[in-house]
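# Structure assessment
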Amino acid sequence: MGESVNKFLNANKFKADAISSHGHTIFHQPKLGYTTQIGCGASIAAATKTTTVCDLRSLDVALKGQGAPLVPIGDKLLFSKYDSCLNLGGIANISFDKKGERIAFDICICNMILNFLAEKKGKAFDTNGKFAASGKVNKDLLKKLNALPYYKIKGSRTLGFEDFEKQFLPFLRIKTTTNDLLATFTEHIAQQIAYIINVNNLQTVLVTGGGTFNSHLIALIKQKTKCKVVIPTKTIVNFKEAIIFAFLGYLRLHHKTNTLKTVTGANANSIGGAVYLMS
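Structure report, in brief. These figures come from a predicted structure and were not determined experimentally.

A word on the nonpolar core. Judged by nonpolar contacts, the single largest core of 43 residues is most densely connected at Leu88, Ile94, Ile113, Phe185 and Ile193. Apart from the residues within four sequence positions on either side, leucine 88 is in contact with Cys110, Asn111, Ile193, Val207, Thr208, Gly209, Gly210, Gly211, Thr212, Leu217 and Ile218. The next biggest cluster of nonpolar side chains, apart from the first, holds 18 residues, and it includes Leu56, Tyr82, Ile244 and Leu251.

On to the sheet that holds strand β9 (residues 228-230), then. Reading across from one edge, β7-β6-β5-β8-β9 is the order of the five strands in this open sheet, with mixed pairing throughout. The sheet is open, and its two edges are formed by β7 (101-109) and β9, each paired on a single side. Across the sheet, the mean angle separating the axes of adjacent strands is 20 degrees when strand polarity is ignored.

Moving on, we come to the packing of aromatic side chains. Scanning all chains against the criterion turns up six aromatic pairs. Each ring, one from phenylalanine 8 and one from phenylalanine 14, has its centre 5.9 Å from the other, and the planes form 90 degrees; the classification is edge-to-face. Judged by its relative accessible area of 48%, phenylalanine 8 falls in the partly exposed class. Under the relative-accessibility criterion, phenylalanine 14 is labelled partly exposed at 41%. A centroid spacing of 5.7 Å and a plane angle of 80 degrees characterise the contact between tyrosine 150 and tyrosine 151, whose relative ring orientation is edge-to-face. Pairwise contacts between aromatic rings join Phe116, Phe161 and Phe164 into one cluster. The positively charged end of lysine 121 is found above the aromatic ring belonging to phenylalanine 131, 4.7 Å away from the centroid. A cation over a ring is seen here: lysine 240 above phenylalanine 79, with NZ or CZ 5.5 Å from the ring centre.

Here we take up the side chain of threonine 50. Mapping threonine 50 onto the fold places it in the loop between α2 (41-48) and β4 (52-54). For threonine 50, a relative accessible area of 4% translates into the label buried. The contacts of threonine 50, once residues within four sequence positions are left out, are Ala16, Asp17, Ala18, Ile19, Ala45, Tyr276 and Met278.

Of all nine residues in β7, eight are buried, a share of seventy percent or more. Here eight bridges tie strand β6 (residues 91-98) to β7, and the two strands are oriented antiparallel to one another. Paired with phenylalanine 96 across the bridge in β7 is isoleucine 103. Counting the residues between successive antiparallel strands, the hairpin from β6 to β7 contains two residues, one of them, lysine 99, with a positive phi of roughly 55 degrees.

We now examine helix α7 (residues 139-146). Buried within α7 are the following residues: Leu141, Leu142 and Leu145. Summarising the axial view, the buried residues of α7 lie within an arc of 100 degrees, below the 170-degree limit, and thus occupy one face. Facing away from the buried side of α7 by more than 90 degrees, the exposed set consists of Lys139, Asp140, Lys143 and Lys144. Its buried side turned inward, α7 meets α8 (161-168) and α9 (178-199). Measuring from the side-chain oxygen of the N-cap residue of α7 to the backbone nitrogen of aspartate 140 gives 3.1 Å; that N-cap residue is asparagine 138.

Bringing a nonpolar patch on the surface into the picture now. Side chains of Ile26, Phe27, Leu32, Tyr34 and Ile38 sit close together on the surface and give an oily, nonpolar patch of about 480 Å² of accessible area. At the level of elements, β2 (24-29) and β3 (34-38) are the ones that each hand at least two residues to the nonpolar patch. Its place among the elements puts isoleucine 38 in strand β3. Note on isoleucine 38: relative accessible area 42%, which makes it partly exposed.

This next bit is on the environment of proline 30. Within the element layout of this structure, proline 30 appears in the loop between β2 and β3. Residue classification places proline 30 among the buried positions, given a relative accessible area of 16%. On a C-alpha basis, the gap between proline 30 and glycine 65 in space is 7.0 Å, while along the polypeptide they are 35 residues apart. The contacts of proline 30, once residues within four sequence positions are left out, are Val61, Gly65 and Gln66.

The next subject is the state of the cysteines. Using the criterion set out here, one finds zero disulfides in the structure. Note on cysteine 85: no disulfide assigned, nearest cysteine sulfur contributed by cysteine 227 at a separation of 12 Å. For the unlinked cysteine cysteine 108, the closest cysteine sulfur is that of cysteine 110, found at 6.2 Å.

What counts, and where the lines are drawn
Residues numbered from 1 in each chain as written. Predicted model: local features only at pLDDT ≥ 70, side-chain atom pairs only at ≥ 80, totals over all residues. Heavy atoms only, no water. Core = buried A, V, L, I, M, F, W, Y, C linked by side-chain atoms within 4.5 Å. Buried < 20%, exposed > 50% of the residue type's maximum accessible area, 1.4 Å probe, protein only. Contact = heavy atoms within 4.5 Å. Pairing = 2+ DSSP bridges. Helix = DSSP H or I, 4+ residues; strand = E, 2+ residues; numbered from the N terminus. Axes fitted to C-alpha atoms, helices over the stretch in contact; angles between N-to-C directions. Phe/Tyr/Trp six-rings, centres within 6.5 Å; stacked < 30°, edge-to-face > 60°. Lys NZ or Arg CZ within 6 Å of the ring centre and 35° of its normal. Arc of directions from axis to C-beta. Polar contact = N/O pair within 3.5 Å; in protein donor to acceptor, adjacent residues only side chain to side chain. Patch = residues over 30% accessible without salt bridge, like charges linked within 9 Å, V, L, I, M, F, W, Y side chains within 5 Å. Areas by Shrake-Rupley, 256 points an atom, 1.4 Å probe, with all protein chains shown as cover. Salt bridge = Lys/Arg side-chain N within 4 Å of Asp/Glu carboxyl O. Disulfide = S-S within 2.5 Å.

Have a look at this one:
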């Protein structure tokens, strides 16, 4: 990772003041008190000779929080012109202000299941949701998905790969076509997102993440809501989370709160992240 940063800096001919690295999550079990992202900050700092911030989630988990989501403080401070920010990544998550406080949570599974199914058809993802659009929604499966206990959780809630394996993969055992599964899961995702938007009376929703390019999913969300769905430039769609994680590193280095208890359910706000300083 450090070598990759060096190549990026050399190619773009600039020097970074600092690096903020999220790393790659391999374990995330906040109820058991741990979260692990690989990508050693010390090694990145040594390879780049640049101060590096990493391990941004562990302090929040130690404070009995979910360790996620972390992006909402960036949503609040950098994208405040929108009522809410919806990210359609592996998981669909949202953040917005409620009674003067920022709240955020994972709504439902998203590209994690859609891409998994698209790979069964030899594709990395379902381009524009064409496979889903050509399939038929399985109403029995849709009912079971919407009845999952996760959707009854109030307050902070998060989904991880472990939940994907335990809660969602078993549904793929039913006998039906991949297109029908894609149609059903896409409808499920749209219904869960629309419910959250409607019940909270959100007026403008900034949408980013890879799912923004799934025109079928976006159309379904628009059909089920009355809000203004805002899709920004491709650069913001692709890099909003990276921009915000750089901002989290900035906040950490300046001793400013970068993790909100109203979002994660922790005992307190915190200034998360391990820092490896280069003199």
